[in-house]
Amino acid sequence: MRARHVFDERHVGAPGIAHGGAVATVLDDLFGFLLYLIGEPAVTRHLEVGYRSPVLLGTPYLLEAGVQRREGRKLFVRAQGTDEGGAAVVEASALFLVVGLEHFARGGGDAAPVAP
Ligand SMILES: CCCCCCCCCCCC(=O)SCCNC(=O)CCNC(=O)[C@H](O)C(C)(C)COP(=O)(O)OP(=O)(O)OC[C@H]1O[C@@H](n2cnc3c(N)ncnc32)[C@H](O)[C@@H]1OP(=O)(O)O
């Protein structure tokens with residue numbers, strides 16, 4: 001799956017640079033939507049993020065995510081974010097666990113997922 005994302009002032013960490021937590025949030029959400037789109041609603045059990053270069057505000061990044069392998073309910077996923085020059089700025093790997101839709105009812109909400 002591919003997505004284009006631009007961080008803005010809402011995501012600031014150091015001046016002009018996205019907060020690492022905001023970057024992790026976007027990558028986590030990217031994985032969630034990847035699995036939702038391929039018909040496997042799943043939630044994060046483990047997430048690792050590698051920050052190679054500062055992620056700049058107001059700058060478009062290409063995010064690419066895919067499923068690396070599956071072991072039963074366990075889905076191992078990977079993602080990468082690159083700048084417009086093709087340089088990798090961030091990478092992530094995660095373990096997601098497939099869950100039934102009742103998992104999402106536990107929060108009591110009915111909000112639909114929103115794309116990153
Ligand atoms: C309506 C539309 C909605 C649409 C939905 C759109 C969703 C978007 C979501 C975006 C992403 C999120 O933010 S999700 C939100 C953040 N995540 C969560 O809230 C999840 C909270 N955690 C949980 O609810 C639970 O821990 C689960 C469901 C993930 C798993 O619970 P469990 O079934 O009890 O399983 P558990 O024993 O913990 O672990 C399962 C297996 O993983 C293995 N395991 C654990 N860690 C690792 C690891 N680092 N590397 C390898 N393997 C590991 C364990 O050894 C075990 O293996 P084995 O012994 O089985 O072999």
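The rules behind these values
Residues numbered from 1 in each chain as written. Predicted model: local features only at pLDDT ≥ 70, side-chain atom pairs only at ≥ 80, totals over all residues. Heavy atoms only, no water. UniProt positions renumbered as here; feature names shortened; annotations may be inferred. Helix = DSSP H or I, 4+ residues; strand = E, 2+ residues; numbered from the N terminus. Rg over C-alpha atoms; globule rule 2.2 N^0.38 Å. Contact = heavy atoms within 4.5 Å. Areas by Shrake-Rupley, 256 points an atom, 1.4 Å probe, with all protein chains shown as cover. Lys, Arg positive; Asp, Glu negative; His and termini not counted. Charge placed at Lys NZ, Arg CZ, Asp CG, Glu CD.

By the naming in an unreviewed UniProt entry, the protein chain goes by Acyl-coenzyme A thioesterase THEM4 and is assigned to Klenkia terrae. Among the UniProt annotations of the protein chain, the heading Sequence similarities (unreviewed entry) holds the following wording: "Belongs to the THEM4/THEM5 thioesterase family."

Draft legend 1. Summary view of the overall build of the protein chain. When helices and strands are tallied, the protein chain shows two helices and five strands. In the protein chain, the succession of α and β elements from N to C terminus is β-α-β-β-β-β-α. Scaling as 2.2 N^0.38, a compact globule of 116 residues should have a C-alpha radius of gyration of about 13 Å, and the protein chain matches this with 15 Å. Taken along its principal axes, the extent of the C-alpha atoms in the protein chain is 40 × 30 × 20 Å. The contacts of the protein chain with a sequence gap of at least 6 include a subset with a gap of at least 24, amounting to 65%. Looking at the protein chain as shown, the accessible area adds up to about 6,900 Å², and 53% of this sits on carbon and sulfur atoms. Computed over 11 positive and 13 negative side-chain charges, the inter-centroid distance for the protein chain is 7 Å.

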